[in-house]
Amino acid sequence: MEPSSLLGHLRSELDAFRDCLDGDLAAPVVHCGDWTLLDLAGHLGGSNLWAAAAVTENRGDYEAPAAPGERAALVRWFEGTSRNLYEALDTDPGTPAWTFHPPHTVGFWQRRRCLEALVHRWDAELAVGIPRPLDAELAGEGVAEVFDTMAPRQVDRGRARSPEAALRLTATDTGASWDYGPGAPVAELAAPAESLLLMLWGRAPLDGGAFVWNGDEEAGRRILRGSLTA
């Protein structure tokens, strides 16, 4: 996706997350361990500042301050982290920056932060009972990121093994497809882009009705059992 499109989505997703902070801050976030919405806001806002420092200070060791616990202060703090991040990322995507995986450019963070905000906006809306659909094209960008960035990083860090065969994921709503693994795909998993992304990030069960298998389903499931994201 183009940087301008990613930045537009980033602003929208962060604004939608902020709106959730008018809800119950003690609401559990189902797919984030024992976190509450307050904890999730602290995570997303803090990582906004961390990514901004990666761009503006070319460092990966920034430690964000703890988020305020009182609602009004929390909202102001979160809005400030969002402005800080957006201002840092509103520049040439080819500008060098510290990143945890290639490419080492601002473009990496334009994409990564947009997709981080997308998934956590969905988490927050689910917590307050108003989950809205994901943009299909942006969800597809998230599927691509899992296979070109997140899964290889897991292998590099020794948290997962490279797949022995290839799996193809196909988005039934956009027609896009992605292959992960060596050689011709031994199986294909088809579903809407939103379902594929939420499944890859542990938010949707693989046995849900949205998914259709073709080919060697068991081999495909073995590939997906690996630690693709973290």
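Rules and cut-offs
Residues numbered from 1 in each chain as written. Predicted model: local features only at pLDDT ≥ 70, side-chain atom pairs only at ≥ 80, totals over all residues. Heavy atoms only, no water. Helix = DSSP H or I, 4+ residues; strand = E, 2+ residues; numbered from the N terminus. Expected span 1.5 Å × (residues − 1). Buried < 20%, exposed > 50% of the residue type's maximum accessible area, 1.4 Å probe, protein only. Contact = heavy atoms within 4.5 Å. Polar contact = N/O pair within 3.5 Å; in protein donor to acceptor, adjacent residues only side chain to side chain. Phe/Tyr/Trp six-rings, centres within 6.5 Å; stacked < 30°, edge-to-face > 60°. Lys NZ or Arg CZ within 6 Å of the ring centre and 35° of its normal.

## Comments concerning helix α3 (residues 71-89)
Moving on, step 1. Taking 1.5 Å as the rise per residue, α3 with 19 residues should run 27 Å; its terminal C-alpha atoms sit 27 Å apart, in good agreement.
Moving on, step 2. Those residues of α3 that fall on the buried side of the exposure criterion are A73, L74, V75, W77, F78, T81, S82, L85, Y86, A88 and L89.
Moving on, step 3. Buried residues in α3 make contact with α1 (3-20), α2 (37-56) and α4 (106-127).
Moving on, step 4. A side-chain oxygen of the first residue of α3 lies 3.1 Å from the backbone nitrogen of A72; this N-cap is E70.

## Some details on the packing of aromatic side chains
Centre distance and the angle of the planes are the two values used to describe a pair of aromatic rings.
Moving on, step 1. Applying the stated criterion to the full structure yields eight aromatic pairs.
Moving on, step 2. Between the aromatic rings of W50 and W109, the centroid separation amounts to 5.3 Å while the plane-to-plane angle is 85°, which identifies the pairing as edge-to-face. Of the two residues, W50 is situated in helix α2 and W109 in helix α4; the sequence distance between them amounts to 59 residues.
Moving on, step 3. For W50, a relative accessible area of 22% puts it in the partly exposed group.
Moving on, step 4. Relative to W109, the ring of W98 has its centre 6.4 Å away and its plane inclined at 20°; by these criteria the two rings are stacked. Taken together, the residues span a long stretch of sequence, with W98 in the loop between α3 and α4 and W109 in helix α4 at a distance of eleven residues.
Moving on, step 5. On the basis of relative accessible area, W98 is assigned to the partly exposed category, the value being 28%.
Moving on, step 6. Pairwise contacts between aromatic rings join W50, W98, F100, F108 and W109 into one cluster.
Moving on, step 7. Over the ring of F100 we find R153; its NZ or CZ atom is 4.2 Å from the centre of that ring.

Interpretation note: all reported values are geometric properties and have no functional meaning in isolation.
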